[in-house]
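Close look at the chain arrangement
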Amino acid sequence: MMLTIYDILRRPIITEKSHYQMAKLHQYIFEVAEEANKDLVKQAVEELFNVRVLRVNIVNVPAKRTRRARSRRWVVRNPGYKKAIVTLAPEDRIPLLEGVE
């Protein structure tokens, strides 16, 4: 199956750490498709947001497990996913993800 640029980027990941990275380091974090690689992520971000990407780092986030209260058995609570940390050129921004200014 061929991925389009709209299939590669699933959603932005918005946390306190990602806000710091946006403001100070010009890095934006996205959940991406399992089949995505660095080149595909770079092309998708550059095309969708009209910015210049300097670097892409990809991290496989493992699934989180927890124990049941009564049986004490391990249960998978949320599945693992792949995330991409995209570093933009200092003059570029994605205002859509930065919220209220």
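Here, every reference points to the structure presented above.
Please read all numbers here as calculations on a predicted model, not as lab measurements.

Counting buried residues along strand S2 (residues 27–32), 6 of its 6 residues qualify, which places the element largely inside the surrounding structure. Along S2, one buried face is formed by Gln 27, Ile 29 and Glu 31 and the opposite face, lined by Tyr 28, Phe 30 and Val 32, is buried too. Across 3 bridges, the pairing between strand S1 (residues 9–12) and S2 is antiparallel. In the sheet register, Pro 12 faces S2, and the bridge partner there is Phe 30.

With that out of the way, let us pick up the pattern of salt bridges. This structure, assessed with the given rule, holds 2 salt bridges. Arg 11 is paired through a salt bridge with Glu 31; the nearest N and O atoms lie 2.7 Å apart. Of this pair, Arg 11 sits in strand S1 while Glu 31 sits in strand S2, and the two are 20 residues apart along the sequence. Judged by relative accessible area, which is 42%, Arg 11 ranks as partly exposed. Under the relative-accessibility criterion, Glu 31 is labelled buried at 13%. Across the salt bridge formed by Arg 52 and Glu 91, the nearest N and O atoms sit 3.2 Å from each other. Placement of the pair is Arg 52 in the loop between helix H3 (38–49) and strand S3 (53–61) and Glu 91 in the loop between strand S6 (81–88) and helix H4 (95–98), with a sequence separation of 39 residues. Here Arg 52 falls in the partly exposed class, since its relative accessible area comes to 44%.

The subject of this paragraph is unusual backbone geometry. Negative phi values dominate among residues other than glycine, just as trans dominates among peptide bonds. The phi dihedral of His 26 is positive, around 60°, even though this residue is not glycine. Along the polypeptide, His 26 turns up in the loop between helix H2 (16–25) and S2. The residue Asn 50 is not glycine, and still its phi comes out positive at about 55°. Look at Asn 50 and you get exposed, because its relative accessible area is 69%.

With that settled, the discussion passes to the nonpolar core. Of all hydrophobic cores here, the largest spans 21 residues; its most connected members are Leu 9, Phe 30, Val 41, Val 45, Val 86 and Leu 88. Contributing elements (two or more residues each) for this core: helix H1 (5–8), S2, H3, S3 and S6. If near-sequence neighbours (up to four positions away) are discounted, Val 41 is found in contact with Ile 8, Leu 9, Val 32, Ala 36, Val 56, Ile 58, Ala 84 and Val 86.

The pairing of strands in a sheet comes from backbone hydrogen bonds and takes either a parallel or an antiparallel form. Sheet architecture is open: 4 strands sit in the order S1-S2-S6-S3, paired in antiparallel fashion. A single partner strand is all that each edge strand has here, and the edge strands are S1 and S3. Sheet twist, expressed as the mean angle between neighbouring strand axes with direction ignored, is 30°. Here H2 sits on the sheet in contact with S2 and S6, set at roughly 135° to S2.

Reading the values: rules and limits
Residues numbered from 1 in each chain as written. Predicted model: local features only at pLDDT ≥ 70, side-chain atom pairs only at ≥ 80, totals over all residues. Heavy atoms only, no water. Buried < 20%, exposed > 50% of the residue type's maximum accessible area, 1.4 Å probe, protein only. Helix = DSSP H or I, 4+ residues; strand = E, 2+ residues; numbered from the N terminus. Pairing = 2+ DSSP bridges. Salt bridge = Lys/Arg side-chain N within 4 Å of Asp/Glu carboxyl O. Core = buried A, V, L, I, M, F, W, Y, C linked by side-chain atoms within 4.5 Å. Contact = heavy atoms within 4.5 Å. Axes fitted to C-alpha atoms, helices over the stretch in contact; angles between N-to-C directions.

What is shown is where atoms sit, not what they do.
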